[in-house]
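So the chains spell out like this:
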Amino acid sequence: MSESKVQTIFGDKGILLTDWQVEQFEKYYELLIKWNTKINLTAITEYEDVIWKHFFDSASIMFHVKHLSDCETIRLLDLGTGAGFPGMVLAILFPNWRITLVDSLQKRIDFLKIVVRELGLEHVELYHGRAEDYGRDGQFREQFDYVVSRAVAELPMLLEYCVPFVKMNGFFVSYKGRRYAEEMEQSRNSLSELGCSVETVEPYSLGDGEERFLLFIRKNESTKEKYPRKPGKIKKQPL
Ligand code: SAH
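## Topic: the pairing of strand S5 (residues 166–176)
Most of S5 is tucked away, with eight of its eleven residues classed as buried. The sheet contact formed by strand S4 (residues 144–150) and S5 spans six bridges and is parallel. By the bridge assignment for S5, serine 149 is matched with serine 174. Once the chain exits S4 it traverses helix H7 (residues 155–162) before rejoining the sheet at S5, and the crossover so formed is right-handed.

## A look at the state of the cysteines
Counted according to the given criterion, the structure contains zero disulfides. Free cysteine: cysteine 196, not disulfide-bonded; nearest cysteine sulfur from cysteine 162 at 10 Å. Judged by its relative accessible area of 7%, cysteine 196 falls in the buried class.

## Details of the sheet that holds strand S7 (residues 211–219)
One open sheet accounts for seven strands, arranged S3-S2-S1-S4-S5-S7-S6; its pairing is mixed. Both outer strands of the open sheet, strand S3 (124–128) and strand S6 (196–205), are each paired with one neighbouring strand and no more. Direction aside, neighbouring strands of the sheet carry axes that sit 20° apart on average. Two elements, S6 and S7, share nine bridges in a ladder whose sense is antiparallel. Across the sheet, the residue bridging to serine 197 is arginine 218, located in S7. The strands touched by helix H5 (residues 106–119) are strand S2 (98–103) and S3; relative to S3, the strand with the most contacts, the crossing angle is about 165°.

## A word on the packing of helix H1 (residues 5–12) against helix H2 (residues 19–36)
As a packed pair, H1 and H2 sit with axes 9 Å apart at the nearest point and diverge in direction by 120°. Seen from above, H1 lies across H2 with right-handed handedness. Touching Val6, Gln7 and Phe10 of H1 are Asp19, Val22 and Phe25, all from H2.

## Overview of the site of the ligand
Near the ligand you find 16 residues, and of these Gly80, Phe85, Asp103, Arg108 and Arg150 are the closest. A distance of 2.7 Å separates an oxygen atom of the ligand from a polar side-chain atom of arginine 108. Alone, the ligand offers 570 Å² of accessible surface; in the complex the protein occludes 83% of this. Of the residues in the shell around the ligand, the class split is six nonpolar, five polar and five charged.

## Notes on the side chain of serine 4
Residue position: serine 4 is located in the segment before H1. Serine 4 sits in the buried class, given a relative accessible area of 12%. Among the polar contacts made by the side chain of serine 4, one reaches the side chain of glutamate 26 at a distance of 3.4 Å.

## Examining the pattern of salt bridges
Per the stated rule, a full pass over the model turns up 24 salt bridges. Salt-bridge contacts for glutamate 142 lead to lysine 219; the nearest nitrogen and oxygen are separated by 2.8 Å. Placement of the pair is glutamate 142 in the loop between helix H6 (131–134) and S4 and lysine 219 in strand S7, with a sequence separation of 77 residues. We classify glutamate 142 as partly exposed; its relative accessible area is 22%. Classification of lysine 219 by relative accessible area gives buried; the value is 1%. In this structure, lysine 176 engages glutamate 183 in a salt bridge whose closest nitrogen and oxygen atoms are separated by 2.9 Å. Side by side, lysine 176 and glutamate 183 carry an identical accessibility label, which is buried. Linked through salt bridges whose partners overlap, the residues forming this network are Lys53, Asp57, Arg150, Asp208, Glu210 and Arg212.

Cut-offs used in this document
- Residues numbered from 1 in each chain as written.
- Predicted model: local features only at pLDDT ≥ 70, side-chain atom pairs only at ≥ 80, totals over all residues.
- Heavy atoms only, no water.
- Buried < 20%, exposed > 50% of the residue type's maximum accessible area, 1.4 Å probe, protein only.
- Helix = DSSP H or I, 4+ residues; strand = E, 2+ residues; numbered from the N terminus.
- Pairing = 2+ DSSP bridges.
- Right-handed = clockwise from strand over helix to strand, strands pointing away.
- Disulfide = S-S within 2.5 Å.
- Axes fitted to C-alpha atoms, helices over the stretch in contact; angles between N-to-C directions.
- Contact = heavy atoms within 4.5 Å.
- Left-handed = near helix turned anticlockwise from the far one by under 90°.
- Near = heavy atom within 4 Å.
- Polar contact = N/O pair within 3.5 Å; in protein donor to acceptor, adjacent residues only side chain to side chain.
- Areas by Shrake-Rupley, 256 points an atom, 1.4 Å probe, with all protein chains shown as cover.
- Nonpolar A, V, L, I, M, F, W, Y, C, P; charged D, E, K, R; others polar.
- Salt bridge = Lys/Arg side-chain N within 4 Å of Asp/Glu carboxyl O.

Below you can see the structure in the form of structure tokens.
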């Protein structure tokens, strides 16, 4: 059998996919294109572009996750997952993790339900709603080893959305573009109010050389009771 494109691209970067994972990525691509005509899911539709800009971009955290042991179940939450990026890709790559995807748009959650069913991803849980509400709910608050998020908000606001979900000493990993340094500068107060710090910034590049960055933000203190504030407040008065 000839190697599929997703297998070649991931393989060249050092990520070896099983045949089952390759099948899952191909099916995911098919569903994305099929449902994109009915629901707005992605502006990127060409196969190779989707592999690089959605699949590989989402997967880039793989090179930096610290504990990969099978002994404990790692819990990861993707906030504002949209069509499943990065969270659904990570669900394909980490079948032993417990993955939670949250989005405030019902139609996107409906699409993700189809993906979960068709790809047989039983370790994925989907929730429709806002970060500001789930972040106050004991079932979600401070329950996750990793919280990830891509293209949801500017860092000062994003921290207030995401950090409440992170366990003590766990990480919020923010997927950012070239403006990351400026956003970090604007986030000084937000980082300190939320008791966390940027531990490392990991650069990587996509197929066309486009530069991206993963910000690994460690939670050092339990989140104060008052955070996250109400949606309007977070936007109007970012920390
Ligand atoms: N992470 C995806 C989608 C980015 S679009 C990607 O990188 O492709 C931003 C998504 O975040 C949208 O689907 C929107 O519904 C969701 N979103 C924005 N603010 C949110 C909030 N406060 N709580 C939950 N979801 C939110």
